[in-house]
Amino acid sequence: MSEAAIASRGEPLARRSRWARFLDSDLFSSFRRSKIAMAAFAVTLLFFTVALAAPWISPQNPYDPAQLELMNSNLPPLWQAEGVRPFLLGTDDQGRDVLSAVFYGLRLSLVVGLLGVLVSGTLGIGLGLIAGYFGGVLDTLIMRVADVQLTFPAILIALVVDGVAKAALGGHMDTDATIALIVVSIGLSFWVQYARTVRSQVMVEKGKDYVQAGRLIGLSSPVIMVRHVLPNVTGPVFVIATINLALAIITEATLSFLGTGLPDTMPSLGTLIRIGNGYLFSGEWWIVAFPGLALAGLVIAINLLGDWLRDALNPKLQ
Amino acid sequence: MLAFLLNRLLQSVVVLFTVGLTAFSMFRFAGDPVNQIVGVDTPPAERLEIRRALGLDDPVAVQFARYAGAVLRGDFGISYQFRQPVSALLAERMPATLELALCATLFALSMGILMGVYCALKRETLLAKLFLAISLVGVSLPTFLIGILLIFLFSVTLGWLPSFGRGDTVRLGWWTTGFLTASGWRALILPSVTLGLYQMTLIMRLVRAEMLEVLRTDYIRFARARGLTTRAIHFGHALKNTLVPVITIAGLQLGSVIAFSIITETVFQWPGMGLLFVQAVQNVDIPIMSAYLLLVAAIFVTINLAVDVLYTIVDPRLRLSTGNAR
């Protein structure tokens, strides 16, 4: 669409950089018009930056037991009477700096969320392509499994996958294995939406001339599917992936909150909230409040961004 | 119509069969069932004896048939951690979950419809915009965070409501109820709001959208022309016509309310099936996990089927077409 507009202005496409083309696109101008989208993007960017820079900007490494002093446990935030430097947001029961724990927790939550989106997206897009392109028995099989899975909420599936894997592996796992397991549980719980969307799009694309042309010049099915059909169905997939990221982060946080996610020694935001929840009644509100705020801010910002993207990419609303 | 219903029934059976197969595979292949029963010092000969007694040497198909037969008789095996029949454990916890789900749904329906109607009729007011903003937050925030926030506000800071448990319960036969005591009602408030909030926002947005749609139709304009009062038009005509999709959604959501109560029950230490399930996942108690999965599947399938049947009764167009119309 934007390419046509550019071409009509008489500029050769090749000379304009990708960036210049992006700045000229409908998507970007819609972004410039929406204050909410820009604010949400700024907040999301801030969270990503903090997560990336966590090892360099945190006052303390919360994973290093040598840096934790039990003497410093349960200190309130700095602006309260008993606050102690350098613990800006106070400390938790193990003397862990809450600010550093939130930074590192954010990092973990985002990593798990992004990997979860990657796994569920790859699985869903792959199965959706196969179901839509080949049809027949494969299609029926994949879509029936999707139907069955849709009857259950994702969190229930993630919990079951998690529990079964623990039973099969014997229950003793290091942190990397735990993270991998959570990523797989999230991947297996959220692939259905990608598969359904991609399948319906592929069924439309399949009948178009360029696919026929590809077949005619002897391209193999995988090449047509991945190189030619897939690029034409990415719009809706992108929207799902954005909203899916928020859901994946919530799912990880929920698993960790329920005590089946990341361990206390390597806390994500959900783990921090579970730990802090136990101190709510003894007055140490800051242990749960700041991780909670970080999680809420992150999820709301990503959701707003996803909402905007869905409307911006929806041709019916333009 | 009969073909449509039969088709639906067949689909339900397929769903249940698939879930049953999953539950059975969990039982059979995730860890060694014998290890869960015997101690560390049990001699190998005795283990083999138990293996044979449990029928673990039979062909897998035979084992599945036996499992399915047991499940149909209501026998879900023995819990690894409690050493009690799973069916008894679930039956004991079921009233707590169902009462919570009922209250949450009623809360979601009443508040959702009220707020939705208000937002549709007074679209430009500040309060309506506030409701919409709240609904966005309600959809975005994870359930457990909302629960913790409510506990912090109403239990810790204000001290008005209890933060855990069911309060005093009364035993009626095998059913324990919190509806008959004051403390039971007080204990229900926070968990119901937490659990129902998501459904409430969903219903509110649906009612608002449907109301705005209906208010534009000809028969509402005609009712205005006839000189009916605004109240009669809004509530007697407009609202009534928005309720069919609302009730459908609320019905379909009842299943996810029961499943989502896992999180709410953990936050509030509510002694229901969801809490039992979470503890089972933490302790790798496969019999409870698979039984819960089957139970939730059965509830989902029953609700979906009931909604389908109600639909064919309510909507005459469905009775004529026999295809895959929904």
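Residues numbered from 1 in each chain as written. Chains lettered and ligands numbered in written order. Predicted model: local features only at pLDDT ≥ 70, side-chain atom pairs only at ≥ 80, totals over all residues.

Chain B has the name Glutathione transport system permease protein GsiC in an unreviewed UniProt entry, where Methylobacterium iners is given as its organism. Its UniProt record gives chain B the following Sequence similarities (unreviewed entry) comment, quoted word for word: "Belongs to the binding-protein-dependent transport system permease family." Under the Subcellular location (unreviewed entry) heading, UniProt states for chain B: "Cell membrane". (UniProt positions renumbered as here; feature names shortened; annotations may be inferred.)

Per an unreviewed UniProt entry, chain A goes by the name Dipeptide transport system permease protein DppC and belongs to Methylobacterium iners. Checking UniProt for chain A, the heading Sequence similarities (unreviewed entry) contains the comment "Belongs to the binding-protein-dependent transport system permease family." Under the Subcellular location (unreviewed entry) heading, UniProt states for chain A: "Cell membrane".

Below, the discussion takes up the overall build of chain A. Regarding its fold elements, chain A presents 13 helices and zero strands. Start at the N end of chain A and walk to the C end: the helices and strands fall as α-α-α-α-α-α-α-α-α-α-α-α-α. In chain A, which comprises 318 residues, the proportion classed as buried is 44%. Long-range pairs, those at least 24 residues apart, make up 68% of the contacts in chain A between residues at least 6 apart in sequence. (Helix = DSSP H or I, 4+ residues; strand = E, 2+ residues; numbered from the N terminus. Buried ≥ 20, exposed ≤ 12 C-beta atoms within 10 Å, placed from the backbone. Contact = placed C-beta atoms within 7 Å.)

What follows deals with the overall build of chain B. Within chain B, the secondary structure is distributed over 13 helices and two strands. Counting only C-alpha atoms, chain B reaches 90 × 60 × 35 Å along its principal axes. By the burial criterion, 37% of the 326 residues in chain B qualify as buried. Intrachain contacts of chain B at a sequence separation of at least 6 include 71% that bridge at least 24 residues.

Turning our attention to the interface of chain A and chain B. Listed as interface residues are 33 residues of chain A and, on the opposing side, 31 residues of chain B. The element that contributes the greatest number of residues to the side of chain A that touches chain B is helix H7 (residues 154-169) of chain A, accounting for nine residues. For the side of chain A that touches chain B, the residue count by class is 22 nonpolar, nine polar and two charged. (Nonpolar A, V, L, I, M, F, W, Y, C, P; charged D, E, K, R; others polar.)

With that settled, consider the UniProt feature "transmembrane region" (unreviewed entry) in chain A. Residues and elements named next belong to chain A. The positions UniProt marks with the feature "transmembrane region" (unreviewed entry) are residues 36-57, 110-138, 150-171, 177-194, 237-258 and 285-306. Annotated as 100% helix and 0% strand, the span residues 36-57 places its first and last C-alpha atoms 28 Å apart. Split by type, residues 285-306 is 95% helix and 0% strand. Its first and last C-alpha atoms lie 31 Å apart.

Our next topic: unusual backbone geometry. Residue and element names in this part refer to chain B. Of note in this structure, Gln-269 is not a glycine but carries a positive phi near 50°. With respect to the helices and strands, the residue Gln-269 is situated in the loop between helix H10 (230-267) and helix H11 (273-282). The exposed category is assigned to Gln-269, around which 12 C-beta atoms lie within 10 Å.

To continue, consider the environment of Ala-54 of chain A. All names here are of chain A. Relative to the assigned elements, Ala-54 resides in helix H4 (residues 35-57). Residue classification places Ala-54 among the buried residues on the basis of 20 C-beta atoms within 10 Å. Spatially, the C-alpha atom of Ala-54 lies 5.4 Å from that of Phe-103, the residues being 49 residues apart in sequence.

So, about the nonpolar core. Here is a general trend for soluble globular proteins: nonpolar side chains tend to be buried in one another's company. Of all hydrophobic cores here, the largest spans 161 residues; its most connected members are Val-102 of chain A together with Ile-203, Phe-277, Ile-288, Met-289 and Val-296 of chain B. A total of 18 residues in this core trace back to one element, the largest contributor, which is helix H5 (residues 98-134) of chain A. When sequence neighbours within four positions are dropped, the list of residues in contact with Met-289 of chain B reads Val-160 and Gly-163 of chain A together with Met-26, Phe-277, Ala-280 and Val-281 of chain B. (Core = buried A, V, L, I, M, F, W, Y, C linked by C-beta atoms within 7 Å.)

All names here are of chain B. Considering every residue of chain B, the mean pLDDT works out to 80; 91% of them sit at 70 or more. Taking the mean pLDDT of every element in chain B, the minimum, 58, falls on helix H13 (residues 316-320) and the maximum, 87, on helix H5 (residues 86-121). This model gives residues 322-326 a pLDDT under 50, and the stretch forms four contacts once residues within four places in sequence are excluded. (pLDDT = per-residue confidence, 0-100.)

Right, let's get into the UniProt feature "transmembrane region" (unreviewed entry) in chain B. Residues and elements named next belong to chain B. Here, the residues flagged by UniProt with the feature "transmembrane region" (unreviewed entry) are residues 12-30, 96-118, 130-154, 174-198, 243-268 and 288-311. Annotated as residues 130-154, this span is 92% helix and 0% strand, and its ends, taken at the C-alpha atoms, are 21 Å apart. A distance of 32 Å separates the end C-alpha atoms of residues 243-268, which is 96% helix and 0% strand.

Residue and element names in this part refer to chain A. Relative to each other, H4 and H5 sit at 125°, their axes nearing to 8 Å. In terms of axis orientation, H4 runs oblique to H5. For the element pair H4 and H5, the recorded crossing hand is left-handed. Contacts between H4 and H5 pair Phe-47, Phe-48, Val-50, Ala-51, Ala-54 and Ile-57 from the former with Phe-103, Tyr-104, Leu-106, Arg-107 and Leu-110 from the latter. (Axes fitted to C-alpha atoms, helices over the stretch in contact; angles between N-to-C directions. Parallel < 35°, antiparallel > 145°, perpendicular 65-115°, else oblique. Left-handed = near helix turned anticlockwise from the far one by under 90°.)

What follows is about the UniProt feature "domain: ABC transmembrane type-1" (unreviewed entry) in chain B. Those residues carrying the UniProt feature "domain: ABC transmembrane type-1" (unreviewed entry) are residues 94-311 of chain B in this numbering. When the span residues 94-311 of chain B is considered, its composition is 80% helix and 3% strand, and the gap between its end C-alpha atoms is 28 Å.

Attention now moves to the packing of helix H9 (residues 218-225) of chain B against H10 of chain B. Residue and element names in this part refer to chain B. Look at H9 against H10: their axes get within 11 Å of each other, and the N-to-C directions meet at 150°. Classified by the interaxial angle, the pair formed by H9 and H10 is roughly antiparallel. Note that H9 runs across H10; the crossing there is right-handed. On H10, the residues touching Ile-220, Ala-223 and Arg-224 of H9 are Ile-233, His-237 and Ala-238.

What follows is about helix H8 (residues 175-206) of chain A. With 32 residues, H8 of chain A should reach 46 Å at 1.5 Å per residue; the first-to-last C-alpha distance of 44 Å fits that figure. The largest bend in H8 of chain A comes to about 40°, at Phe-190 of chain A. (Expected span 1.5 Å × (residues − 1). Bend = angle between axes of the 7 residues up to and from the residue.)

Along the chain, Leu-52 of chain A falls in helix H4. For the pair formed by Leu-52 of chain A and Thr-175 of chain A, sequence separation is 123 residues and the distance between their alpha carbons is 20 Å.

Here we come to the environment of Thr-260 of chain A. Here Thr-260 of chain A lies in the loop between helix H11 (234-257) and helix H12 (269-277). The spatial distance from the C-alpha of Thr-260 of chain A to the C-alpha of Asp-162 of chain A is 7.5 Å, given a sequence separation of 98 residues. Ignoring any residue separated from it by four or fewer positions in sequence, one finds Thr-260 of chain A in contact with Leu-159, Asp-162 and Leu-255 of chain A together with Val-281 and Gln-282 of chain B.

Residue and element names in this part refer to chain A. Mean pLDDT over chain A works out to 80, with 85% of the residues at or above the 70 mark. Confidence scores differ between elements of chain A, with helix H1 (residues 2-8) showing the lowest mean pLDDT of 47 and H5 the highest of 89. Confidence drops under a pLDDT of 50 for residues 1-8, and excluding neighbours within four residues, the segment shows twelve contacts in the predicted structure.

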